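# Observations on the model geometry
Okay, here's what each chain looks like letter by letter:
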Amino acid sequence: MSTQPKPANARVLSITPAQLQQAFLAVCQQRRHFPADADIWHFRRHWPARKSGLLAKIQSGDYSFAPQHRLRKQNGQIVHLWAAEDAVVIKLLSAWLQDRLSVSPACVHVKGHGGLKRAVTHIQAKLGDYRFVCKTDIKGYYQAIDQYTLLNQIADQVAEPLLRRYCYAIVRRTVEEGGNYRDIEQGISRGCAISPLLAALYLKDLDDKFSRQPGLYYLRYMDDILILSKTRWQNRRAVKILNQTLNSLKLKQHPDKTYIGKIEHGFDFLGYRFSRQPLQLATVTVEKHVETLRRLYEQQTHKKASSEELASALGRTFSVGGAGVRPDRIGRHC
C-alpha cells in the first residue's frame, strides 16, 4: 500500500480490488468459528457479486455503516459486533490509517513496533540500568476515550476528507439491541480492526512527553504503561507528568494495577514477573491459563467429546499461548 499522502482536497480513496480482497479474507479468517446464522456466511456466499459495487461505494464516499449489534456471550460478556460488510471496510480503512498516523515507536502494540515478545525481552535487558519503576494501566481504557479529543487528533494527521469522515462514523457509532438504538458518545469499539490504532493515537501526547525526558525508559503496550528511572527524583517527576497528562485526557489509572517503587521488589507487567531474578510468568497469568483449561475441559466433556477431540481442543489452547498472545489475556482468546 502506498504511503504517499493524498492532497487535502481529495474526494476519492484510491483503493484497489486486491486491497479489498485482502481485507475480506482477513475478516473471513477472524470469523471462521462464528455460528451458522451469523451474517458472515451470507456475506461470503454473495461476495463475488458484491465486491465491485462495495469498492465503488467506498471509493466515492457513499458507504455508510450499519448500527452495531449488542450481543451477550455465553460467559455473560457484552459485545458490540459490526456487520460482516462493515468489518471488511473497517479492516481496509485500518491499513490506510496506519500509513497516515504518526505513532510513537514506544507504543509497541502497533504493527511494526516490535510487539509483546520483543518488548518483554527489551524490558528484561534494561532492568539492570535502573532502580525505580512506575507501571500502571488505564481503567476501562477503550470506554474512557473522549471521542471529541480523538477526532481532533485524527483530523490533525489525516488529510483525506473521506477517510476522516469514515473514522468519524466508526467512532461515533450507533448500537442496536431488540429494535432499540443508542448513539455511543464515549469511548471506542472493542474487537475492531481500527481500534488498536486509535488507542495508540489517543495517548500520543504521553508518548511524546516521555520520549523527551532524559534518563528514563518508557514503553507502552496499548494502555499498559511502564516507566523505569535511575533516581527517586526522576521517578517522582515521571509520576507527576503521567498524572497530569492522563488528567488532561480525562483518563484514570487502574488502582489495582499500579505499582510505584523499587525494581528489586518485583512487579508484574504484560503477564510476566520482572525483578532482579530471572524472568518468569506472573502468578495471575498461570492462574488464568489453568482456569481457561479447566473451563475448556468441562465444555468438551459436557459435549461428550472423544479423547482425540479433547486433546485437540486443549492443544489449540496451548498453541495460542505459544504463538505470542499476551499471557495475561490468554483466556480472552479462547
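Cut-offs and rules
Residues numbered from 1 in each chain as written. Predicted model: local features only at pLDDT ≥ 70, side-chain atom pairs only at ≥ 80, totals over all residues. Heavy atoms only, no water. Helix = DSSP H or I, 4+ residues; strand = E, 2+ residues; numbered from the N terminus. Buried < 20%, exposed > 50% of the residue type's maximum accessible area, 1.4 Å probe, protein only. Contact = heavy atoms within 4.5 Å. Areas by Shrake-Rupley, 256 points an atom, 1.4 Å probe, with all protein chains shown as cover. Salt bridge = Lys/Arg side-chain N within 4 Å of Asp/Glu carboxyl O. Phe/Tyr/Trp six-rings, centres within 6.5 Å; stacked < 30°, edge-to-face > 60°. Lys NZ or Arg CZ within 6 Å of the ring centre and 35° of its normal. Pairing = 2+ DSSP bridges. Axes fitted to C-alpha atoms, helices over the stretch in contact; angles between N-to-C directions. Parallel < 35°, antiparallel > 145°, perpendicular 65-115°, else oblique. Left-handed = near helix turned anticlockwise from the far one by under 90°. Nonpolar A, V, L, I, M, F, W, Y, C, P; charged D, E, K, R; others polar.

To continue, consider the overall build of the protein chain. Counting its regular elements, the protein chain contains 13 helices and eleven strands. Taking all 334 residues of the protein chain together, 44% fall into the buried category. Look at the contacts in the protein chain between residues 6 or more apart in sequence, and 70% of them connect residues 24 or more apart. For the protein chain, the computed accessible surface area is about 17900 Å², with 50% contributed by carbon and sulfur atoms.

Take the pattern of salt bridges next. A side chain of one charge can pair with a side chain of the opposite charge if their charged atoms are brought near each other. Evaluated as defined, the whole model comprises nine salt bridges. Linking Arg100 and Glu160 is a salt bridge whose minimum nitrogen-to-oxygen distance equals 2.6 Å. Pair noted here: Arg100 is in helix 4 (residues 84–100) and Glu160 is in the loop between helix 7 (147–157) and helix 8 (161–171), with a separation of 60 residues, a long-range link. Accessibility assignment for this pair places Arg100 and Glu160 in one class, buried.

Quick look at the packing of aromatic side chains now. Taken as a whole, this structure holds nine aromatic pairs when the rule is applied. For the ring pair Phe24 and Trp47, a centre distance of 4.1 Å and an interplane angle of 0 degrees mean the geometry is stacked. Of this pair, Phe24 sits in helix 1 (residues 17–30) while Trp47 sits in helix 3 (residues 47–60), and the two are 23 residues apart along the sequence. Overall, the relative accessible area of 7% leaves Phe24 in the buried class. Taking the relative accessible area as the measure of exposure, Trp47 reaches 3% and is therefore buried. Relative to Phe274, the ring of Phe267 lies with its centre 5.5 Å away and its plane at 20 degrees, an arrangement referred to as stacked. Residues Phe267 and Phe274 agree in their burial class; the two are buried. Every member of this aromatic cluster is reached through a ring pair, and the members are Tyr63, Phe65, Trp82 and Tyr166. Seen from the ring of Tyr142, Arg190 lies directly overhead, with NZ or CZ sitting 5.1 Å from the centre. For Lys230, the ring lying beneath its charged end belongs to Tyr130, and the centroid distance is 5.8 Å.

Here we take up the sheet that holds strand 3 (residues 132–137). The strand order 6-7-3-8 describes an open sheet built from four strands, whose pairing is antiparallel. Two strands lie at the open edges of the sheet, namely strand 6 (216–221) and strand 8 (259–262), each paired on one side alone. In this sheet, adjacent strand axes meet at a mean angle of 10 degrees when their direction is disregarded. As paired elements, strand 3 and strand 8 share four bridges and run antiparallel to each other. From the neighbouring strand, Val133 faces strand 8, where its bridge partner is Gly261. Packed on one face of the sheet, helix 5 (residues 115–126) meets strand 6 and strand 7 (224–229) and runs near 160 degrees to strand 6. Contacts from helix 11 (residues 232–248) reach strand 3, strand 6, strand 7 and strand 8 within the one sheet, and its direction differs from that of strand 3 by about 20 degrees.

Running from N to C, helix 4 and helix 8 cross one another at 120 degrees; their axes reach a closest spacing of 11 Å. The angle between helix 4 and helix 8 falls in the class oblique. Crossing angle aside, the handedness with which helix 4 passes helix 8 is left-handed. Where helix 4 approaches helix 8, its residues Ile90, Leu93, Trp96, Leu97 and Arg100 are matched on the opposing element by Leu163, Tyr166, Cys167 and Ile170. When the residues that make up the contact of helix 4 with helix 8 are grouped by side-chain class, the tally is eight nonpolar, no polar and one charged.

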